[in-house]
Amino acid sequence: MSGRFVRSSKYRHVFGRPTRKDQCYDNLRVSRNAWDTNLVKVNPRYLSVNWEAGGGGAFAVIPLSERGRLPERIPLFRGHTAVVLDTDWNPFNDDLLASGSDDGRVYLWRVPEGFTVNPDIDSDDIQDIAPVGKLSGHPKKVGHVLFNPAAENILATASGDYTVKIWDIEAGASKLTLNVGDIVQSQSWSANGSLLVTTSRDKKLRVWDVRQERPAHEGPGHTGAKNSRSVWLGERDRFATTGFSKMSDRQLALWDMRSPQLPIDGFKTLDSISGVCMPFWDDGTQCLYLAGRGDGNIRYYELENDKFEYLSEYKSGDPQRGIAFMPKRGVDMHDNEITRAFKTVNDTYIEPISFIVPRRAESFQDDIYPPTIGVTPAMNASEWFSGKEAIPPKISMGSLYDGQGLKEVTGIQDKPTSSLSTESKPEPKPEPKPASPVKKAPEPVSEPTPVAKPAPSMKDQGASMAAMVNKFADDEEPEKVVESSFDEPSKPVERSTRSPGTSSPSVKASPFIQKEDPIKAQSPTTASPTTAERSPAPSSPSTQPTAPSSTTGSVSTDTVQREISAIKDLIAEQTKTIASQAQQVSKLTSEIESLKAQLG
């Protein structure tokens, strides 16, 4: 072994694959507005693109199947009187989306049945799409719109009036208002839709208890003057932020929702590029993607043990201003695609980038495609406003792979998530196995991951040391432990003189050492039975033996003290041996896991 440790991961060799120009979405007019949003949003059926349109604001919807060069005139979703700043798709209905504009209005839209950007009619007869609903309440521009990921018909909108409003779009009314106090730069929901994290121009990071209309936490975030972004890490009680330092270095930070005063392990410096990092989280692979605004690179990390482990970076000479990531149910599993990004290039076309796990297998890869969130909400709007918390039902990715459609996986949605409360409910632990402290040694103790079972604490490991010591003792000298003269719990006061041929005591004699003080407290004239007296005798165990002379008693006492000293030395040696074996087992376990990952 060279001493270099390579971390085991299924995603170490994930690579980004670009798309040929003729398979991209070409001849677009992406909005050139300077407002910091992603410009593009995607679901498994459509792309929405903020459009550079005159005479008001508009955006385009492009079916994913209609690749290539678009015609000069396409039907637009038009209705705003100022430029469209952001759009978002309904997570439970692929035909519904919302838009926010510089005119202070929020519109709701429905994609018509059979919608196409290549209608078989004359370009002068093409009709734009009108909104199906309007939400009025913000007096200034609406810069961000975001649907709740768990509750149906719940929408969060961030405005230039320094507030975030929570809408019941079915009722068409604003039910809650969060007073941020400055321009909101980004917002992200927790998986169960109960909490909202925001970053703002005042450099404050806020975690909102939305239904209480107050921040559960408010504190300093990234200290740089440029924009900061936030993203919730799925069903974990963690969220990540990107931003800048005072020296304008790009940073990445991981935060614990339960103690968000400071990021876990501090702020991690990425580079000195000036573009904003746009973060995207993939809950199935536990990977975070960072796309630079203004550069063509997309780097990605795997979250492990509360640390972002760098995987690789997709590099391109074509910079992106906007980017969107496909929901998991829209990826191509037959190609081992774990996610797909859609980046704008030169504000004229959108290029899909597939992130592939390189495998030769021709069957469904269930280890990289766990069940994912489907299209069924966990609750309706009234239940959410009344305080309900739940995760939407999950669907089997295998059923999509086989072409069987969306099939819900029973029981998955009932799993509690750590984001629902500040402290997860402890589960009853079984009796720890002797080797468990060795296998769990690399796992973190102070910051347990919410979805995985936490590693045993140091107290638990200490409690199981006695069992591990007995295991090693039994393996080494099983026969001699039986013959030892110290295994007599019925006679704790009586001590036997060891004959020269008796084997050395094993580690299993440790219970006798714990009784050393009571033995020393006995009278020195008390006799000890010899080895021969261990055979069946007419006297009962409670009968005291006849007291020998003082010379015999002193010799017996000295002999036992020497034996106790020898036992202590042996235990010290056994402890060192156990520690050495534990390190060897840990190394072998890591190497076995690495070999398993390489073998597929």
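About the thresholds
Residues numbered from 1 in each chain as written. Predicted model: local features only at pLDDT ≥ 70, side-chain atom pairs only at ≥ 80, totals over all residues. Heavy atoms only, no water. UniProt positions renumbered as here; feature names shortened; annotations may be inferred. Helix = DSSP H or I, 4+ residues; strand = E, 2+ residues; numbered from the N terminus. Buried < 20%, exposed > 50% of the residue type's maximum accessible area, 1.4 Å probe, protein only. Contact = heavy atoms within 4.5 Å. Areas by Shrake-Rupley, 256 points an atom, 1.4 Å probe, with all protein chains shown as cover. Pairing = 2+ DSSP bridges. Axes fitted to C-alpha atoms, helices over the stretch in contact; angles between N-to-C directions. Salt bridge = Lys/Arg side-chain N within 4 Å of Asp/Glu carboxyl O. Phe/Tyr/Trp six-rings, centres within 6.5 Å; stacked < 30°, edge-to-face > 60°. Lys NZ or Arg CZ within 6 Å of the ring centre and 35° of its normal. pLDDT = per-residue confidence, 0-100. Lys, Arg positive; Asp, Glu negative; His and termini not counted. Polar contact = N/O pair within 3.5 Å; in protein donor to acceptor, adjacent residues only side chain to side chain.

Looking up the protein chain in an unreviewed UniProt entry gives the name Coronin, with the organism given as Aspergillus puulaauensis. Comment text from UniProt for the protein chain, heading Sequence similarities (unreviewed entry), reads "Belongs to the WD repeat coronin family." The record in UniProt for the protein chain states the following under Subunit (unreviewed entry): "Binds to F-actin."

S.K.: Would you mind going over the overall build of the protein chain in detail, with residue names and values included?
M.R.: A tally of regular secondary structure across the protein chain gives 9 helices and 33 strands. By residue count, 48% of the 600 residues in the protein chain fall in the buried class. Counting only contacts in the protein chain whose residues sit at least 6 apart along the sequence, the fraction spanning at least 24 positions is 55%. Total accessible area on the protein chain is roughly 29,100 Å²; 51% of this is exposed by carbon and sulfur atoms.

S.K.: Residues and numbers for unusual backbone geometry, please.
M.R.: Phi at Ser248 is positive, roughly 65 degrees, even though this residue is not glycine. Tracing the backbone shows Ser248 in the loop between β21 (238-244) and β22 (250-256). The exposure class of Ser248 is partly exposed, given its relative accessible area of 36%. Although it is not a glycine, Asp265 sits at a positive phi angle of roughly 60 degrees. Position of Asp265 among the secondary structure elements: in strand β23 (residues 264-271).

S.K.: Let's hear about the sheet that holds strand β27 (residues 308-314): which residues, and what values?
M.R.: Strand order in the open sheet formed by 4 strands is β24-β25-β26-β27, with antiparallel pairing between adjacent strands. Each having just a single partner strand, β24 (277-282) and β27 make up the two edges of the open sheet. Averaged over all pairs of adjacent strands, the angle between strand axes in this sheet comes to 25 degrees, irrespective of strand direction. Sheet topology places strand β25 (residues 287-292) next to strand β26 (residues 298-303); 5 bridges connect them, and they run antiparallel. Among the inter-strand pairings, Leu288 is bridged to a residue of β26, identified as Tyr301.

S.K.: Talk me through the pairing of β22; I want residue IDs and the actual numbers.
M.R.: Within β22, 7 of the 7 residues are buried, which leaves it mostly tucked inside the rest of the structure. Side chains Arg250, Leu252, Leu254 and Asp256 project from β22 onto one buried face, and the interleaved Gln251, Ala253 and Trp255 project onto a second face that is buried too. Connecting β21 to the antiparallel partner β22 that follows it, the hairpin turn spans 5 residues, and Ser248 within it adopts a positive phi of roughly 65 degrees. As defined by bridge partners, β22 adjoins β23 across 4 bridges and the pair is classed as antiparallel. Looking at β23, one finds that Gln251 is bridged to Thr269.

S.K.: Tell me about the pattern of salt bridges, and please be specific about residues and values.
M.R.: Side chains that carry opposite charge are capable of pairing whenever their charged atoms lie near each other. Under the definition given, this model contains 36 salt bridges. Note that Asp306 and Arg238 form a salt bridge whose closest N and O atoms lie 2.8 Å from each other. Taken together, the positions of Asp306 in the loop between β26 and β27 and Arg238 in strand β21 put the pair 68 residues apart, joining distant regions of the chain. Across the pair, exposure class does not vary: Asp306 and Arg238 are buried alike. The shortest N-O distance in the salt bridge between Lys388 and Glu383 comes to 3.9 Å.

S.K.: Talk me through the packing of aromatic side chains; I want residue IDs and the actual numbers.
M.R.: To describe a pair of aromatic rings, one takes the distance between the centres and the angle between the planes. Taken as a whole and judged by the stated rule, the model has 23 aromatic pairs. Here the aromatic residues Phe280, Tyr289, Tyr300, Tyr314, Phe325 and Phe355 are joined through ring pairs into a cluster of three or more. A cation sits over an aromatic face here: Lys175 above Phe385, 5.0 Å from the ring centre.

S.K.: Tell me about the sheet that holds strand β31 (residues 372-373), and name the residues and values.
M.R.: Here 3 strands make up an open sheet; going across it, the order is β31-β32-β33 and the pairing antiparallel. Edge positions in the sheet fall to β31 and β33 (408-409), since each has one partner strand and no second. Here 2 bridges tie β31 to strand β32 (residues 394-395), and the two strands are oriented antiparallel to one another. Note on β32: the bridge partner recorded for Ile373 is Lys394.

S.K.: Which residues make up the pairing of strand β30 (residues 349-356), and what are the values?
M.R.: Most of β30 sits out of view: 8 of its 8 residues are buried. A two-sided burial pattern is seen for β30, the buried positions comprising Tyr349, Glu351, Ile353 and Phe355 on one face and Ile350, Pro352, Ser354 and Ile356 on the other. Here strand β1 (residues 15-17) pairs with β30 via 3 bridges, running antiparallel. Bridge pairing links Gly16 to Phe355 in β30. Sheet topology places strand β29 (residues 337-345) next to β30; 8 bridges connect them, and they run antiparallel. Residue pairing across strands places Ala341 opposite Ile353, the latter belonging to β30. Here β29 hands over to β30 after 3 residues, with Asn346 in that stretch at a positive phi of 55 degrees.

S.K.: Can you explain the confidence of the model for the protein chain? Please cite residues and give values.
M.R.: Residue-level pLDDT values for the protein chain average 80, and 75% of them are 70 or greater. Across residues 413-459, confidence stays below pLDDT 50; counting only partners more than four residues off in sequence or on other chains, it has 63 contacts. Within the model, pLDDT remains below 50 along residues 461-555, and this stretch shows 83 contacts once partners closer than five positions in the same chain are excluded.

S.K.: Report on the environment of Asn90, specifying residues and quantitative values.
M.R.: Here Asn90 is to be found in the loop between β8 (84-89) and β9 (96-101). Owing to a relative accessible area of 5%, Asn90 belongs among the buried residues under this scheme. Measuring from C-alpha to C-alpha, the distance between Asn90 and Pro149 comes to 8.6 Å, with 59 residues separating the pair along the chain.

S.K.: Can you lay out the side chain of Glu351 for me, pointing to particular residues and giving the numbers?
M.R.: Mapped onto the fold, Glu351 is located in strand β30. Among buried Asp, Glu, Lys and Arg side chains, Glu351 stands out as unpaired, with Lys343 the closest opposite charge at 4.6 Å. A distance of 3.4 Å separates the side chain of Glu351 from the backbone nitrogen of Thr19, its partner in a polar contact. The contacts of Glu351, once residues within four sequence positions are left out, are Pro18, Thr19, Cys24, Tyr314, Ala341, Phe342, Lys343 and Val345.

S.K.: I'd like to hear about the environment of His138, residue by residue, with values.
M.R.: Here His138 shows up in the loop between β11 (133-135) and β12 (142-147). Relative accessible area serves as the criterion here: at 7%, His138 is assigned to the buried category. The residues contacting His138, other than those within four sequence positions of it, are Gly104, Thr157, Ser159, Asp161, Thr163, Lys165 and Trp167. In this structure the side chain of His138 is engaged in a polar contact, spanning 2.8 Å, whose partner is the side chain of Thr157.

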